[in-house]
Amino acid sequence: MAISVQNLIKERKYPFIFSLLALILITFLLLTKTQSPIASTLDLVQSRSTSSSPPTSASPPSVRSSPISSPSTEPPPIHDGLTEPPPIHGDVSWNLCNGAVAVDYIPCLDNFKAIKALKSLRHMEHRERHCPEPSPRCLVPLPRGYRVPVPWPRSRDMVWFDNVPHPKLVEYKKDQNWVRKSGEYLVFPGGGTQFKDGVTHYIEFVEKALPVIEWGKHARVILDVGCGVASFGGYLLDKDVITMSFAPKDEHEAQIQFALERGIPATLSVIGTQRLPFPDNVYDLIHCARCRVHWDANGGKPLMELNRILRPGGFFVWSATPVYRNNERDQNVWNSMVAVTESICWEVVAKTVDSSGVGLVIYKKPVSSSCYGKRKDNNPPLCNQNNRQNISWYTPLDSCLAPLPVDSMGNSYSWPEEWPKRLTSKPPHLSAERDAEEIFYEDTKHWSTLVSDVYLEAAAINWSSVRNVMDMNAGYGGYAAALIDMPLWVMNVIPVNGPDTLSVIFDRGLIGVYHDWCESFNTYPRTYDLLHSSFLFKNLTQRCDIMQVAVEMDRILRPGGFVLVQDTVEMINVLTPIFRSLHWSIDLFQEQFLLGKKGFWRPDGRKTLCPKVREELLGKDTREKQSQDGFRPPI
């Protein structure tokens, strides 16, 4: 006789009912046990979206558990911000940052409460980092009229004014040809305070003054101090030179933002009271053209900071009025400069004036410490190396000279091989530990294979739209090295709580900085096209909230930009709903690579977008028109 649940209820055989329900539950769990945890998480996110709102233009993520056989022909769709946005998933909700600087908000440089409380501004303390606590959780709004950036290489010469709507520098430097406004564009003619005959002429003038510089061979990695709109670094790219351009966020409104919008490497920084975020002895050449730094100030500490990061045998090019004018003020500055450079054993190797009347002097740093012991006065003194670290992060400026490095045999430091051989040859700063060289070469091979077989072929990234790239956990710089033939540049970031490999990155002819990802990065919003990280987040979760890292990634990523994360299954489970809550399109492949694409959505994004955004996102007539007019400014 068949047993029915109804009869069991009538007969009040509740223990049997409970046993039957438990058996059904166990069977269900056994059937679903083999499902991927990532797939389950993504299905949960997708089901929330489906059940709580009508369909939108944002597509759900796709999950691939096996290698991709062919690349996708289309990038993941992104939300255009003009229709009803998809819902916030889980308990995560977002608000816009507000205030006068919200559109260009940089948390650690715009902490006005901390700046107001400073006891002194004498040494540029107000331009240094003062991070708010707790870290803000708001999303920066878009400038009104923001649109897809002008692509490289046209962007070097012109960008959309609405993307960086700051006219102050146009007016302030109108007689020096830095930048001018023409219709919808900001145009960069290649001029500058010292570039009276154009930046190309100036670059050639420097090499003629000292031919051993050999742009792009001997001199590959350059630092441009007080860079303006970074035209010097932008045009040196033609010479196979990579330049880290930097300037503070000051009254020269948005100059670093201009540089990054142009697709030129740049960062916000200042020589104040703390070391720059670079290792010792790494830059081939440092340049200053009227950079408004008082090198002899504070006992010469600013110049000693350049000495710290300049490679032994490296050059400092100083183009400023004290070099070639004879008035009393300029001569006093020159005499002070002579005293400081002699005290740190710098040698003048060239001093000249060009046809436009602009002059420069080129100094050379010594290759060994022998000169330091021959000075009449031990001032500045030699540093105590026992307590000195290479990582410079919230570290006071040195008031001493670090002894110059020697190899294991006691020989003077050797210059890296000429570019491009130095990219793949053994770096001079590589650890002397056993197997270090083998590990370096294996790392290079690993990234070369991964980038060519997976990132360039399998990942649905529109590489033609990628110019500014950041590797958030760069290691030896293998990811950047593997992309070297692409028309892009990579900011290699070494987290301060991990292994210090940044010197090796510079030895390879690449650029980078130290940073703590529990804090905001020194850049404007919307300045990078692609953020890459490889097994970064596990260590971060032990030190700070991963949500604040996601907010920072959203801040610095351009609309239409990509995030590519390689990490563990568990960490991808954590990141997926967070990225979804930011309304990024996401895709998972090979169960360890998470690809996100940021759209134009903001919590009230429909109020801030210009009418052209939809066309640009959908790839319609706007890009065709841009191609036809060649981005020429209206006459």
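Caption draft 1: Seen up close, the packing of aromatic side chains. Tallied over the entire structure, the rule returns 27 aromatic pairs. Within the aromatic cluster, the residues linked to one another by ring pairs are Phe195, Tyr202, Phe205, Trp215 and Phe232. Directly above the aromatic system of tryptophan 152 lies the positively charged group of arginine 467, at a separation of 3.5 Å from the ring centroid.

Caption draft 2: Quick look at the sheet that holds strand β6 (residues 242-247). Pairing is mixed in the open sheet, where 7 strands are placed in the order β7-β6-β5-β8-β9-β11-β10. Lying at the two open borders of the sheet, with one neighbouring strand each, are β7 (266-268) and β10 (347-353). Neighbouring strand axes in the sheet, compared pairwise and without regard to direction, differ in orientation by 20° on average. Where helix α6 (residues 199-209) meets the sheet, it contacts β8 (283-289), β9 (310-319), β10 and β11 (359-364), and its direction lies at approximately 50° from that of β11. Contacts from helix α8 (residues 255-262) reach β6 and β7, with the element oriented near 155° to β7.

Caption draft 3: Summary view of the nonpolar core. Counting residues in hydrophobic clusters, the biggest one holds 134 residues, and the most contacted among them are Trp295, Phe316, Trp318 and Phe579. In terms of residue count, helix α16 (residues 546-556) provides more of this core than any other element does, 7 residues in total. When neighbours within four sequence positions are excluded, tryptophan 295 is seen to be in contact with Val225, Ile271, Cys288, Gly300, Pro302, Leu303, Leu306, Phe316, Trp318 and Met337.

Caption draft 4: Molecular detail of helix α11 (residues 328-343). Over its 16 residues, α11 runs 23 Å from end to end, which matches the ideal 22 Å to within 8%, given 1.5 Å per residue. Where α11 is concerned, the buried positions are Asp330, Trp334, Met337, Val340, Thr341 and Ser343. Residues of α11 that are buried sit in contact with α9 (297-309), β9, α10 (321-324), β10 and β11. Among the residues trailing α11, cysteine 345 stands out with phi positive, at a value near 70°.

Caption draft 5: Structural context of the pairing of β6. When you tally the buried positions in β6, you get 6 out of 6 residues, the bulk of the element. Burial along β6 is two-sided: Ile242, Met244 and Phe246 facing one way and Thr243, Ser245 and Ala247 facing the other are all buried. Here strand β5 (residues 221-225) runs beside β6; their pairing, made up of 5 bridges, is parallel. Residue pairing in the sheet places valine 221 in a bridge with isoleucine 242 of β6. Handedness of the crossover joining β5 and β6 through helix α7 (residues 231-236) is recorded here as right-handed.

Each value, and the rule that gives it
Residues numbered from 1 in each chain as written. Predicted model: local features only at pLDDT ≥ 70, side-chain atom pairs only at ≥ 80, totals over all residues. Heavy atoms only, no water. Phe/Tyr/Trp six-rings, centres within 6.5 Å; stacked < 30°, edge-to-face > 60°. Lys NZ or Arg CZ within 6 Å of the ring centre and 35° of its normal. Pairing = 2+ DSSP bridges. Helix = DSSP H or I, 4+ residues; strand = E, 2+ residues; numbered from the N terminus. Axes fitted to C-alpha atoms, helices over the stretch in contact; angles between N-to-C directions. Contact = heavy atoms within 4.5 Å. Core = buried A, V, L, I, M, F, W, Y, C linked by side-chain atoms within 4.5 Å. Buried < 20%, exposed > 50% of the residue type's maximum accessible area, 1.4 Å probe, protein only. Expected span 1.5 Å × (residues − 1). Right-handed = clockwise from strand over helix to strand, strands pointing away.

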